[in-house]
Every structure is written in structure tokens, then in C-alpha cells.
Amino acid sequence: MSNIQLHISDIKEQLHKLITHPYLSKHIEYPVIDEDKLLLLYTALESIPLPVEKKEKYILSTMLVQIALDTHDLVTNAKMDHLETDTAKNRQLTVLAGDYYSGLHYQLLAKVDDITMIKLLASSIKQINEHKIAYYQKEFDGMEMLMDSLAKIESSLIQSVSQCFSDSMFKELSVNFLLLKRLIAERKKYCVEKSSHLFDTMKRIAFSKSQLERSDTSKDQETYMLYLIDRYIDHVKKTIDQLAGSIPDLNLLLKNRIQELFYETPFSTKKYAEEG
């Protein structure tokens, strides 16, 4: 295991200790730690001349905000309805858990006396929540606006850290990496469940109301949606490839993770193009 892997593993262990609460663990789902966002944060700060302890505080506090946001998202997740214990109680505890994790990030940054970072993360939280509202209300006039909003939901926290400590090229790499990961996940979900909020929103943009109401065209619409998302996946993948190749000191761990993500990309849907 490389030194970077050991260091990231140590930070992850610190994060586990921070978020583990015996009462919450008994009643709600244990938070998922997004290891890709952890790796991106580590990489953003890797070459910055700051004390290791301070870098770790920045990473831990940003990840706590991410976990808090992800935990609050669980409140509207349909899976909550299938818990054995009282649903209302679990929803309340989930909201409180999200607030608890968010409070921990303030505590960490207070210890390093960094008001600037507190304000920066608060601004990112506001931006993410605004875009989530627009996303769930399907308030988009075009595909580019939708993709831009989705990218901001996924990467605003990383962007905040990147714009302070890294160059703009790494910031763009992070944005595209996280967008690609989300698009692949949405595509997989749709193929398995035949349902996805992203695909529903894309349909509203791509087709008129009368087209959506016609049942005889639903299969063609599905094929076109897969074709369309594959085009975006391919475009983002090429952008990542160019950006990664232009950053000379990119660590091997992130390079390998990018290649792993590329292997997850689906084969392009060509049926619509061939038949259209």
C-alpha cells in the first residue's frame, strides 16, 4: 500500500470515529463515505505547503458536510418507508443526524480558527441546496442547464476547496469526474429499475407533452434517452482524459481511479442513430 493510500485510510478512520454515534447506529443507516470525494480532496491539498494536521482538518470538515447533505437526502428516499421501526421516528433521527454531522464540521474548523473556510463551505451548501430544489422540481429549459446543475450538486464542495488551494485545471477535472460518476450511476439505475428522476427530467426537455403521452413511442423515447446520456458520458470522459493528461503531478491513485471509472462507462447506444 502506498503512502497516499495509508494517509487516506488514516483520514477515513478518523472520519469513522467522528460520525459513529451508538444511538444513531441502532436506528438509522450508517453514513456512506464517498471515497472518490475523499481522494479528490486529498489530491487538491496534496502539494499545498500547509501542516498535515491542518490539511486533515479541511478534508474531514468538508467530508462531514458532504455526509450531512447525503444524510438529509435520505429523508426523501423511498427506502426509508421499508424500515422495520417507526418511519416518522427514523425520518426525524435522520434529520438530526445530518445536523449533528454538520455541527461537527463547524467544531473542527473552529479549532483551526478558519472563518474563511467556514464561510466558503456555507456558500457551497447554499448553492447545492438551490440546485437540488431546481433538480427535483425539474426547472430546466435545456440539457446543458440540467447537466450544469447536476455537476454543481455533485462537486460544489470540492470546487470550494480546489479554488482555494489548487489550479483551475484540477477544479475542472474534479467537476467532470464527479459528473461522470453520477451519470453512470443514473444510467445503471434506469436500466435496472426503468425509473430515474434524471431520465424523467431529460424526457421533459427532449419531448413535447403530446409526445410523452403517446404510449406507442415510449420504447423509442427510452432508446433516445440512453443514446443521449451516452453522448454526455462520452463527452465528459474525453474531457477528463484531456484534463488528466495536462496535470503533470497528478498522483497515481487518482489516475488509476479515473481509469476504473472509464471501465464502468457503457457501450454507446447506437440504435437510435442507426434507425433515426
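Structural data are supplied above this passage.
Residues numbered from 1 in each chain as written. Predicted model: local features only at pLDDT ≥ 70, side-chain atom pairs only at ≥ 80, totals over all residues. Heavy atoms only, no water.

Comments concerning unusual backbone geometry
Of note in the backbone geometry, K194 takes a positive phi value of approximately 55° without being a glycine. Position of K194 among the secondary structure elements: in the loop between α8 (168-193) and α9 (197-206). (Helix = DSSP H or I, 4+ residues; strand = E, 2+ residues; numbered from the N terminus.)

Some words on the pattern of salt bridges
Across all of its chains, the model carries 17 salt bridges by this definition. Put simply, K181 and D36 hold a salt bridge, and the shortest N to O gap is 2.8 Å. Of this pair, K181 sits in helix α8 while D36 sits in helix α3 (residues 35-46), and the two are 145 residues apart along the sequence. Residue classification places K181 among the partly exposed residues on the basis of a relative accessible area of 25%. The class for D36 is buried, based on a relative accessible area of 7%. Taking the shortest distance from any N to any O, the salt bridge between K126 and E130 comes out at 2.7 Å. Taken together, the residues K126 and E130, both in helix α6 (residues 115-136) and four residues apart, mark about one turn of the helix. Look at E130 and you get partly exposed, because its relative accessible area is 44%. One network of salt bridges, in which partners are shared, links D34, D36, K181, K188, R257, E260 and E264. (Salt bridge = Lys/Arg side-chain N within 4 Å of Asp/Glu carboxyl O. Buried < 20%, exposed > 50% of the residue type's maximum accessible area, 1.4 Å probe, protein only.)

What about the side chain of K132?
Relative to the helices and strands, K132 resides in helix α6. By relative accessible area, which is 12% here, K132 ends up buried. Within the structure, the side chain of K132 is placed 2.8 Å from the side chain of D73, a separation counted as a polar contact. In contact with K132, not counting residues within four places along its chain, are L69, D73 and I153. (Polar contact = N/O pair within 3.5 Å; in protein donor to acceptor, adjacent residues only side chain to side chain. Contact = heavy atoms within 4.5 Å.)

A few points about the packing of α8 against α9
Where α8 meets α9, the closest approach of the two axes is 8 Å, and the angle between their N-to-C directions is 90°. Judged by the inter-axis angle, α8 sits roughly perpendicular to α9. Contacts between α8 and α9 pair L183, E186, R187 and Y190 from the former with L198, F199 and K203 from the latter. Looking at the contact of α8 with α9 residue by residue, the classes come out as four nonpolar, no polar and three charged. (Axes fitted to C-alpha atoms, helices over the stretch in contact; angles between N-to-C directions. Parallel < 35°, antiparallel > 145°, perpendicular 65-115°, else oblique. Nonpolar A, V, L, I, M, F, W, Y, C, P; charged D, E, K, R; others polar.)

Focus: the packing of aromatic side chains
One pass over the structure, following the stated rule, counts five aromatic pairs. Relative to Y136, the ring of Y135 has its centre 5.3 Å away and its plane inclined at 70°; by these criteria the two rings are edge-to-face. Taking the relative accessible area as the measure of exposure, Y135 reaches 2% and is therefore buried. Ring pairs connect the aromatic residues F207, Y224 and Y227, which therefore count as one cluster. Over the ring of F262 we find K237; its NZ or CZ atom is 5.2 Å from the centre of that ring. (Phe/Tyr/Trp six-rings, centres within 6.5 Å; stacked < 30°, edge-to-face > 60°. Lys NZ or Arg CZ within 6 Å of the ring centre and 35° of its normal.)

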